Amino acid sequence: MTNVSVIQAQHLQKVYGKKQEKKYTALKDVSFEVQSGDFVGVMGASGSGKTTLLNMLATFDRPTSGTVTIADRDVTSLQGNALADFRAEQMGFIFQDFNLLDNLTVAQNIGLPLSLQGRTVKLTEKVAQIASSLGIKALLEKYPAQLSGGQKQRVACARALINQPKILFGDEPTGALDSKSARSLLELLQEINQQRQTAILLVTHDAFSASFCRRIIFIKDGQIGHELVRQPQQSRTEFYQQILDQLGTFEQ
Ligand SMILES: Nc1ncnc2c1ncn2[C@@H]1O[C@H](COP(=O)(O)OP(=O)(O)OP(=O)(O)O)[C@@H](O)[C@H]1O
Ligand SMILES: [Mg+2]
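Residues numbered from 1 in each chain as written. Chains lettered and ligands numbered in written order. Predicted model: local features only at pLDDT ≥ 70, side-chain atom pairs only at ≥ 80, totals over all residues. Heavy atoms only, no water.

The name given to the chain in an unreviewed UniProt entry is Bacitracin ABC transporter ATP-binding protein, and the organism recorded there is Liquorilactobacillus nagelii. Of the chain, the UniProt comment under Sequence similarities (unreviewed entry) reads exactly: "Belongs to the ABC transporter superfamily." (UniProt positions renumbered as here; feature names shortened; annotations may be inferred.)

Okay, here's the thing in structure tokens:
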């Protein structure tokens, strides 16, 4: 981790509902920073605003007020192709339901972000490289329907990393996995974070997943309620226990 900030969220507010509809304030006033190479978890009860926050940071949606700065650009003002290019260069995404295209092979799915940008130079080579570093080289000619959930999520990770993004966003990426595949994905994310210095922002309601993070932001009713930082000497099991304790105090 470095002291360079890759994400700055300032006074984010998100109100859902158009004029005639009932309005709902999902984010009230959220400010925080993510440093380059950090591994940040976002936790909170269902409906607390986690996905809403991630969608603002990942430029899938715009805040009603406040700003999001990524790699020194105010992304709330980016639009159209400029936004698509910026997103492709800076960020990767993994979701609970994998979002792979069923009619494309694993290799084509992984290479998709490059093909969409018209960057086909060395595509096969790049796909093979990332696939072997994630242990899925043998799957390249298969189709998503032929894969297990854990394998699908590795393919989604490879696709998210093909552009060597500075930031990887995950919204419950272990949500549809069995516990063994979930652990293996979390270990992979930890490795990506440490070896590539990719900043990771992981939304999860699960303390085990969160224990792989270095820092956790707890959202309650659209606001940051608490933060935990894993100390250098602290084991992952100790951090896990601390997260459980924190969740316990939250529910009361
Ligand atoms: N498009 C939308 N229109 C209206 N309300 C919305 C919309 N998206 C989310 N909300 C509301 O905003 C609040 C926060 O939703 P959000 O999806 O961010 O929660 P979450 O913390 O991700 O929950 P979960 O753990 O269930 O995924 C909820 O009350 C939800 O009903
Ligand atoms: Mg959610």
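Attention shifts here to the UniProt feature "domain: ABC transporter" (unreviewed entry) in the chain. What UniProt calls "domain: ABC transporter" (unreviewed entry) maps, in this numbering, to residues 7-246. Measuring from the first to the last C-alpha atom of residues 7-246 gives 25 Å, for a span that is 36% helix and 26% strand. (Helix = DSSP H or I, 4+ residues; strand = E, 2+ residues; numbered from the N terminus.)

With respect to the secondary-structure elements, Gly 175 resides in the loop between β7 (167-171) and α6 (179-196). It is 15 Å that separates the C-alpha atoms of Gly 175 and Phe 93, two residues lying 82 residues apart in sequence.

On to the packing of aromatic side chains, then. Applying the stated rule across the entire model yields 6 aromatic pairs. Aromatic side chains Phe 60 and Phe 93 sit 4.7 Å apart centroid to centroid with 45 degrees between the ring planes, which places their arrangement in the tilted category. On the criterion of sequence distance, the pair formed by Phe 60 in the loop between α1 (50-57) and β4 (65-70) and Phe 93 in strand β6 (residues 91-95) is long-range, its members being 33 residues apart. By relative accessible area, Phe 60 is classed as partly exposed at 35%. For Phe 93, a relative accessible area of 15% corresponds to the buried category. (Phe/Tyr/Trp six-rings, centres within 6.5 Å; stacked < 30°, edge-to-face > 60°. Buried < 20%, exposed > 50% of the residue type's maximum accessible area, 1.4 Å probe, protein only.)

Below, the discussion takes up the nonpolar core. The nonpolar side chains of a soluble globular protein tend to be buried with one another. Counting 45 residues, the largest nonpolar core has Ile 110, Leu 134, Ile 136, Leu 189, Ile 216 and Ile 243 as its most contacted members. Residues Ile 7, Leu 53, Ile 70 and Ile 219 belong to the second largest nonpolar core, which totals 30 residues. (Core = buried A, V, L, I, M, F, W, Y, C linked by side-chain atoms within 4.5 Å.)

Turning our attention to unusual backbone geometry. Residue Thr 59 is not a glycine yet carries a positive backbone phi of 65 degrees. Classification of Thr 59 as buried rests on a relative accessible area of 9%. Phi is positive for Gln 197, close to 60 degrees, though the residue is something other than glycine. Considering the arrangement of structural elements, one finds Gln 197 in the loop between α6 and β8 (199-203).

Taken together, Tyr 16, Tyr 24, Ala 26, Ala 45, Ser 46, Gly 47, Ser 48, Gly 49, Lys 50, Thr 51 and Thr 52 make up the full set of residues adjacent to ligand 1. Within the contact set of ligand 1, an oxygen atom lies 3.0 Å away from a backbone nitrogen or oxygen of Gly 49. Thr 51 is positioned such that a nitrogen or oxygen atom in its side chain is 2.8 Å from an oxygen atom of ligand 1. In the complex, the protein chains occlude 57% of the 640 Å² of accessible area that ligand 1 would expose alone. Elements with a contribution of two residues or more to the shell around ligand 1: β2 (24-35) and α1. (Near = heavy atom within 4 Å. Polar contact = N/O pair within 3.5 Å; in protein donor to acceptor, adjacent residues only side chain to side chain. Areas by Shrake-Rupley, 256 points an atom, 1.4 Å probe, with all protein chains shown as cover.)

If you walk across this open sheet you meet the 6 strands as β6-β7-β8-β3-β9-β10, and the pairing is mixed. Of all the strands in the sheet, just β6 and β10 (223-229) have a single pairing partner and so form its edges. The sheet shows a mean angle of 15 degrees between the axes of neighbouring strands, taken without regard to direction. In this sheet, β8 lies alongside β7 in parallel orientation, the contact comprising 5 bridges. Bridge pairing in β8 links Leu 168 to Ile 200. Helix-sheet contacts for α1 involve β3 (39-43), β6, β7, β8 and β9 (215-220), and the interaxial angle to β7 is about 155 degrees. Helix-sheet contacts for α6 involve β3, β6, β7 and β8, and the interaxial angle to β8 is about 150 degrees. (Pairing = 2+ DSSP bridges. Axes fitted to C-alpha atoms, helices over the stretch in contact; angles between N-to-C directions. Contact = heavy atoms within 4.5 Å.)

A few words on helix α2 (residues 80-90). Taken together, the buried positions of α2 are occupied by Leu 83, Phe 86, Ala 88 and Gln 90. Residues of α2 that are buried in the fold lie against β4, β5 (73-74), β6 and β7.

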